[in-house]
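# Structural description and commentary
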Amino acid sequence: MYYIKRGVVVVSAYGDFFKPYFASGTLRPCDGSVWVIHNGANSDTDYEWKMHVAAYDVADWLRVAGTIMPWMIQNGVTFKTISPDDFSVERILSPTCCQYAKAFTIYPTSAPEFAKIACGLDALMCGAKLRTDTKLTAGHNMSYERALGHSGRIFYRMERDGMGRYMSTERAYRMNPACPYNPLNVPDPFANLFARAVPAHT
């Protein structure tokens, strides 16, 4: 697979990484979207909270994906990631995109499942030496989310209002600029999730 960045053709293993997942039906395209999904419909789940895992370029995505995707698939986690086509990869992993770094979107169905996924992924990424202190800037959607864990890669936000309706990042910010990750100011069930936790690996 090839993708073009700043006029230079770069050989990427990104497309090849996906081949066995598509061949087995483990991943499938989201209709009319730049995403591919595992274990879910094209729409989000009904649970109020979702999380993202960050990656900052194709090589970084490959490292993260190789670490967390097998675990998520084995544990039946519903997630989506970037479609392996040139436009999608270049768009989402470009710092000029508002979706920048949004490598994985994960849809838990409950607070206990959220906690299990967050702790599991964080331990895996710390163990694989994937910790990062890369900062997102205002204008990147994930910059309005709350960081979680020790890896520096997990972020989360509330995406459903009190009526169960989807809230975009923009809408959440308009509702509560001081706390856009939790625009309704409800008790955050994950605020202390890692308060006493230490990385499973160093």
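Further up the page is the structure itself.
Description of the structure in this document. (Residues numbered from 1 in each chain as written. Predicted model: local features only at pLDDT ≥ 70, side-chain atom pairs only at ≥ 80, totals over all residues. Heavy atoms only, no water.)

A word on the pattern of salt bridges. On inspection of all chains with the given rule, the structure shows 8 salt bridges. Among the ionic pairs, arginine 153 bridges to aspartate 60, the shortest N-O distance being 2.9 Å. In this pair, arginine 153 sits in the loop between β8 (146-148) and β9 (154-158) while aspartate 60 sits in helix α2 (residues 58-74), placing the two residues 93 residues apart along the sequence. Classification of aspartate 60 by relative accessible area gives buried; the value is 5%. The partner of arginine 165 in a salt bridge is aspartate 161, with the nearest N and O atoms 2.9 Å apart. For arginine 165, a relative accessible area of 48% gives the class partly exposed. Connected through salt bridges with shared partners, the residues Asp60, Arg63 and Arg153 form a single ionic network. (Salt bridge = Lys/Arg side-chain N within 4 Å of Asp/Glu carboxyl O. Helix = DSSP H or I, 4+ residues; strand = E, 2+ residues; numbered from the N terminus. Buried < 20%, exposed > 50% of the residue type's maximum accessible area, 1.4 Å probe, protein only.)

This part covers the pairing of strand β4 (residues 35-38). Residues Trp35 and Ile37 line one face of β4 and the alternating positions Val36 and His38 line the opposite face, and both faces are buried. Sheet topology places strand β3 (residues 28-29) next to β4; 2 bridges connect them, and they run antiparallel. The partner of arginine 28 across the bridge, within β4, is isoleucine 37. Here β4 pairs with strand β6 (residues 79-82) via 4 bridges, running antiparallel. Bridge pairing links valine 36 to threonine 81 in β6. (Pairing = 2+ DSSP bridges.)

Attention now goes to the packing of aromatic side chains. Scanning the entire structure with this criterion turns up 16 aromatic pairs. Summarising the aromatic geometry, the rings of phenylalanine 17 and tyrosine 21 are spaced 5.6 Å apart at their centres and angled 35° between planes, so their arrangement reads as tilted. Highlighted residues: phenylalanine 17 and tyrosine 21, both in helix α1 (residues 14-23), separated by 4 residues, approximately one helical turn. Overall, the relative accessible area of 17% leaves tyrosine 21 in the buried class. With 3.8 Å between their ring centres and 15° between their planes, phenylalanine 114 and phenylalanine 190 make a pair best called stacked. Linking phenylalanine 114 in helix α4 (residues 111-127) with phenylalanine 190 in the segment after α5 (169-175), this pair joins segments that are 76 residues apart in sequence. Note on accessibility: phenylalanine 114 and phenylalanine 190 belong to one class, buried. Here a set of aromatic residues connected by ring pairs shows up, and it is made of Phe17, Phe18, Tyr21, Phe22, Trp61, Phe79 and Phe104. (Phe/Tyr/Trp six-rings, centres within 6.5 Å; stacked < 30°, edge-to-face > 60°.)

Attention now moves to the sheet that holds β3. Spatially, 7 strands are ordered β3-β4-β6-β7-β5-β9-β8 in an open sheet, and the strand pairing comes out antiparallel. Both outer strands of the open sheet, β3 and β8, are each paired with one neighbouring strand and no more. Inspection of the sheet shows strand β5 (residues 49-54) paired to β9 by 5 bridges, in the antiparallel sense. Within the sheet, the bridge partner assigned to tryptophan 49 lies in β9 and is methionine 158. α2 contacts β4, β5, β6 and β7 (102-106) of the sheet and is inclined by roughly 15° relative to β7. In this fold α4 packs onto β5, β7, β8 and β9, with an angle of close to 10° to the strand it touches most, β5. (Contact = heavy atoms within 4.5 Å. Axes fitted to C-alpha atoms, helices over the stretch in contact; angles between N-to-C directions.)

Before going further, it helps to spend a moment on the packing of α2 against α4. A pair of packed helices is characterised by two quantities: the angle between their axes and the separation of those axes. Where α2 contacts α4, the two axes come as close as 10 Å, and the packing angle between them is 145°. Our pair here, α2 against α4, has a crossing hand that is right-handed. Between α2 and α4, the residues in contact are Val64, Thr67, Ile68, Trp71 and Met72 and Lys116, Ile117, Gly120, Leu121, Leu124 and Met125, respectively. Taken together, the residues that form the contact of α2 with α4 break down as 8 nonpolar, 2 polar and 1 charged. (Left-handed = near helix turned anticlockwise from the far one by under 90°. Nonpolar A, V, L, I, M, F, W, Y, C, P; charged D, E, K, R; others polar.)

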